[in-house]
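Coordinate analysis (summary)
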Amino acid sequence: MSEHNIAGKKVAFLLTDGVEQVELTSPWNAVKEAGGEPTLVAPKVGKLQGYDGTEKGQEFDVDLAVAEANASDFHALVIPGGVVNADHLRADKDAQAFTRAFFEQHKPVASICHGPWLLIEAGVISGRNVTSYHTLETDLKNAGANWSDQEVVVDQGLVTSRNPHDLPAFNDKLLEEIEEGEHAGQTA
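Residues numbered from 1 in each chain as written. Predicted model: local features only at pLDDT ≥ 70, side-chain atom pairs only at ≥ 80, totals over all residues. Heavy atoms only, no water.

**Thoughts on the overall build of the chain**
Summing up its helical and strand segments, the chain has 6 helices and 12 strands in all. The C-alpha atoms of the chain give a radius of gyration of 14 Å, which matches the 16 Å a tight globule of 188 residues would have. Buried residues in the chain amount to 53% of all 188 residues. Restricting to contacts in the chain with at least 6 residues of sequence separation, those with at least 24 account for 66%. For the chain, the computed accessible surface area is about 8000 Å², with 45% contributed by carbon and sulfur atoms. (Helix = DSSP H or I, 4+ residues; strand = E, 2+ residues; numbered from the N terminus. Rg over C-alpha atoms; globule rule 2.2 N^0.38 Å. Buried < 20%, exposed > 50% of the residue type's maximum accessible area, 1.4 Å probe, protein only. Contact = heavy atoms within 4.5 Å. Areas by Shrake-Rupley, 256 points an atom, 1.4 Å probe, with all protein chains shown as cover.)

**Details of helix H6 (residues 167–180)**
Note: α-helices contain 3.6 residues per turn, so residues at a spacing of three or four share the same orientation. Here H6 spans 20 Å end to end across 14 residues, near enough to the 20 Å set by a 1.5 Å rise per residue. For H6, the full list of buried residues reads Leu167, Ala169, Phe170, Asn171, Leu174, Leu175, Glu177 and Ile178. Buried positions along H6 lie against strand S1 (10–14), helix H1 (22–33), strand S7 (76–79), strand S8 (109–112), strand S11 (152–155) and strand S12 (158–161). (Expected span 1.5 Å × (residues − 1).)

**Considerations on the pairing of S12**
Residues Leu158 and Thr160 line one face of S12 and the alternating positions Val159 and Ser161 line the opposite face, and both faces are buried. Of the strand pairs in this sheet, S11 and S12 are connected by 4 bridges, and their pairing is antiparallel. Along S12, the bridge assignment pairs valine 153 with threonine 160. The turn joining S11 and S12, which pair antiparallel and follow one another in sequence, is formed by 2 residues; a positive phi near 50° is taken by glutamine 156. (Pairing = 2+ DSSP bridges.)

**Brief notes about the sheet that holds strand S6 (residues 64–65)**
Read across the sheet, 7 strands follow the order S6-S3-S1-S7-S8-S12-S11 without closing on themselves; strand pairing throughout is mixed. Both edges of this open sheet fall to S6 and S11, since each of them pairs with a single strand only. Pairing analysis gives 4 bridges linking S8 to S12, with the strands arranged parallel. In the sheet register, alanine 110 faces S12, and the bridge partner there is valine 159. Where H1 meets the sheet, its contacts fall on S1, strand S3 (37–42), S7 and S8, and the angle it forms with S3 comes to roughly 150°. (Axes fitted to C-alpha atoms, helices over the stretch in contact; angles between N-to-C directions.)

**Thoughts on the side chain of lysine 107**
The topology assignment puts lysine 107 in the loop between helix H3 (93–104) and S8. Buried and without a salt bridge, lysine 107 has glutamate 182 as its closest oppositely charged side chain, separated by 5.4 Å. Polar side-chain contacts of lysine 107 include one of 2.7 Å to the backbone oxygen of phenylalanine 74. Discounting chain neighbours no more than four positions away, the residues touching lysine 107 are Ala71, Ser72, Phe74, His75, Phe102, Glu182 and Gln186. (Lys, Arg positive; Asp, Glu negative; His and termini not counted. Salt bridge = Lys/Arg side-chain N within 4 Å of Asp/Glu carboxyl O. Polar contact = N/O pair within 3.5 Å; in protein donor to acceptor, adjacent residues only side chain to side chain.)

**Notes on the layout of surface pockets**
Of the volumes computed, that of the largest pocket is approximately 180 Å³. Looking at the largest pocket, it is lined by 13 residues, and the ones nearest its centre are Gly18, Glu20, Gly53, Gly82 and Val83. Considering only residue class, the lining of the largest pocket consists of 6 nonpolar, 5 polar and 2 charged. (1 Å grid on protein atoms, 1.4 Å probe; cavity = no way out; pocket = protein on both sides within 12 Å on 5 of 7 lines; lining within 4 Å. Points joined across faces, edges and corners; volume = space filled by probe spheres on them. Nonpolar A, V, L, I, M, F, W, Y, C, P; charged D, E, K, R; others polar.)

**A look at the side chain of glutamine 96**
Examined against the element boundaries, glutamine 96 turns out to sit in helix H3. A relative accessible area of 7% means that glutamine 96 is categorised as buried. The contacts of glutamine 96, once residues within four sequence positions are left out, are Arg90, Ala91, Leu118, Glu121 and Ala122.

As structure tokens, then:
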């Protein structure tokens, strides 16, 4: 049982085909165990193809199309990684706007692995302390972020981690930030 209690808190998980599935399922289960209500948000409704590294994994049912989703209906946002997922998501204008709205509303956002690519496109990363999969270091620095190679970095409601090995720390900080709620410094 989780030591965190986020009962009644609604958490959006934003992703598409090619997601690194453990970066979806691990935080999803952590949110559920802590009493939260996860919702899978994607560019299109239907089923999404998860991946385990480069191998096809499970399929996941989409709950809500991102174009119909409203950040006001959620307490926090989780952006899992996976190269293909993150590359497609960052080009999606609705995904960018949905993500930016969480920052404008000072709500917790957690992103792991390649997920922070979307934070760059959403224009919310400049001046923030972050980590990510190592190949994004230059991209994030060029976008004005303060990048460091750490298991988990928390910056006023923004939680980032590098890879699936960091999931225990990532999940713990995600739940902690949801418990704490809004942060004035969490802004676009």
